[in-house]
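Structure assessment
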Amino acid sequence: MEKLLEVKNMHVSFDTYGGEVKAVRGVNFDVNKGETLAIVGESGSGKSVTTKALMQLIPQPPGRIKEGEILFEGRDLAKMNEKQMQKIRGKEISMIFQDPMTSLNPTMKVGNQIMEGLIKHQKMSKAQARKRVSELLELVGIPDAENRINQYPHQFSGGMRQRVVVAIALACNPKLLIADEPTTALDVTIQAQILELMKDIQKKTDSATIFITHDLGVVANVADRVAVMYAGKIVEIGTVDDIFYNPQHPYTWGLLGSMPSLDSEDEELYAIPGSPPDLLNPPKGDAFAARNEYAMKIDFEQEPPMFKVSDTHYAATWLLHENAPKIEPPEAVKKRMEGNANGSSSSEGERI
Ligand SMILES: Nc1ncnc2c1ncn2[C@@H]1O[C@H](COP(=O)(O)OP(=O)(O)OP(=O)(O)O)[C@@H](O)[C@H]1O
Ligand SMILES: [Mg+2]
């Protein structure tokens, strides 16, 4: 598989009055051409900061990329200046944010907002751009495009606005699309429609996607691979099957166990005790140790390396050390894993 993006040992910090907030602490991952990587993890784990850093969208100050490489088709984005990044943003990599209203300009006609990027990046004439806008609106399922392009965002429903945002993100055929919780502001039915739409479009355009979500249920449907983040690090990464059928990190067990499943009646949800650590003073050892009921002495002393589970699957937990006791996931989590194996997980060829 051909690599589109390689992130190597990326650290991002914010300098605040209280000290240095170490939001992203040495993250490594790849995205292959055409694939969907989901990033999951609790609030504050560093999902948005990671992806904003890729596009150099971290406000600076207080933020800064302290260390690391962000190789996009071999070019290091971390070393690019603002002018170079402007050529990448929106054209080669584009981003969809959570709330469609903040991504759209309320005072500008929808058609013009989509055309902007086309004229700027693709050097299209007005007439060409107009034609492309109609195609894009059709692609994202907005009927009556001819009239719609002359309307303002407030004349669209929430779901329709997010479709417009998707159209803008796709306008220049980006090689990488980053979607940061693109559906959380929408109601459940509309969420499903937008996810379906993104899945469809990805099949048609073959762009790679990084999909950020709290919702592991969504992941099973849209992703090829999953990265689980905790306290600014990736603690487990693997294919959807690796993560859903064979999770290794106790934090991933916690996330799976706290995921409601549709088919089980005697719903016994597993809650991860405690709360994430303070990133001003990250703890010594494994940042998850204090919440890990299986923690050993070493967890409080030394950071675990990424242990290889298989060619596609890695996890950073001392439980994978050859001398560690063999521990089974909790019952509630095993039930979820069986549920996944019984067919509620993704099926072949189904991705965004
Ligand atoms: N401008 C900032 N100044 C200081 N700290 C910040 C700033 N932006 C983000 N952080 C910190 O970086 C950490 C990671 O934040 P991030 O927004 O990436 O979390 P997240 O995983 O996207 O969470 P959520 O699921 O809530 O969106 C948090 O501890 C957050 O407080
Ligand atoms: Mg976020």
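Source: prediction; values computed, not measured.

So, the overall build of the chain
- Looking only at helices and strands, one finds 12 helices and 12 strands in the chain.
- When the backbone C-alpha atoms are referred to their principal axes, the chain occupies close to 65 × 50 × 40 Å.
- Evaluated residue by residue, the chain yields a buried proportion of 50% over its 352 residues.
- For the chain, restricting intrachain contacts to residue pairs at least 6 apart in sequence, the fraction spanning at least 24 positions comes to 66%.
- Summing over all exposed atoms, the chain offers an accessible surface of approximately 16600 Å²; the carbon and sulfur share of this is 50%.

Brief notes about the pairing of strand β2 (residues 19-32)
- Sheet analysis places strand β1 (residues 3-16) next to β2, joined by 11 bridges and oriented antiparallel. The residue of β2 that forms the bridge with S13 is K22.
- Remark: 2 residues form the turn of the hairpin made by β1 and β2, two consecutive strands paired antiparallel.

Some remarks on the confidence of the model for the chain
- Per-residue confidence for the chain gives a mean pLDDT of 88; residues scoring 70 or more make up 94%.
- Taken together, the stretch residues 344-352 has pLDDT below 50 and engages in 30 contacts with residues farther than four places along the chain or on a different chain.

Some details on the sheet that holds strand β12 (residues 313-315)
- One open sheet holds the 8 strands; their spatial order is β6-β7-β8-β3-β9-β10-β12-β11, and the pairing between them is mixed. Of all the strands in the sheet, the pair left with one neighbour each is β6 (93-96) and β11 (307-310). The average angle at which neighbouring strand axes cross in this sheet is 20°, direction not considered.
- Pairing of strand β10 (residues 233-239) with β12 involves 2 bridges; the strand directions are antiparallel. Across the sheet, the residue bridging to E236 is A315, located in β12.
- Against the sheet, helix α7 (residues 158-170) makes contact with β6 and β7 (176-180), and its axis sits at roughly 170° relative to β6, the strand it touches most.

Digging into the site of ligand 1
- By nearness alone, 14 residues border ligand 1, and S43, G44, K47, S48 and V49 come closest of all.
- One of the side-chain nitrogen or oxygen atoms of K47 is found 2.8 Å away from an oxygen atom of ligand 1.
- Considered on its own, ligand 1 offers 640 Å² of accessible surface; in the complex 66% of this is hidden by protein.
- Of all the secondary structure elements, the ones that give two or more residues to the shell around ligand 1 are β1 and α1 (47-54).

Some thoughts on helix α5 (residues 126-139)
- In this model α5 runs 20 Å from its N-terminal to its C-terminal C-alpha over 14 residues, within 8% of the 20 Å that 1.5 Å per residue would give.
- Residues A129, R132, V133, S134, L136 and L137 constitute the buried set of α5.
- Within two residues after α5, G141 carries a phi angle of roughly 80°, on the positive side.

Calculation rules
- Residues numbered from 1 in each chain as written.
- Chains lettered and ligands numbered in written order.
- Predicted model: local features only at pLDDT ≥ 70, side-chain atom pairs only at ≥ 80, totals over all residues.
- Heavy atoms only, no water.
- Helix = DSSP H or I, 4+ residues; strand = E, 2+ residues; numbered from the N terminus.
- Buried < 20%, exposed > 50% of the residue type's maximum accessible area, 1.4 Å probe, protein only.
- Contact = heavy atoms within 4.5 Å.
- Areas by Shrake-Rupley, 256 points an atom, 1.4 Å probe, with all protein chains shown as cover.
- Pairing = 2+ DSSP bridges.
- pLDDT = per-residue confidence, 0-100.
- Axes fitted to C-alpha atoms, helices over the stretch in contact; angles between N-to-C directions.
- Near = heavy atom within 4 Å.
- Polar contact = N/O pair within 3.5 Å; in protein donor to acceptor, adjacent residues only side chain to side chain.
- Expected span 1.5 Å × (residues − 1).

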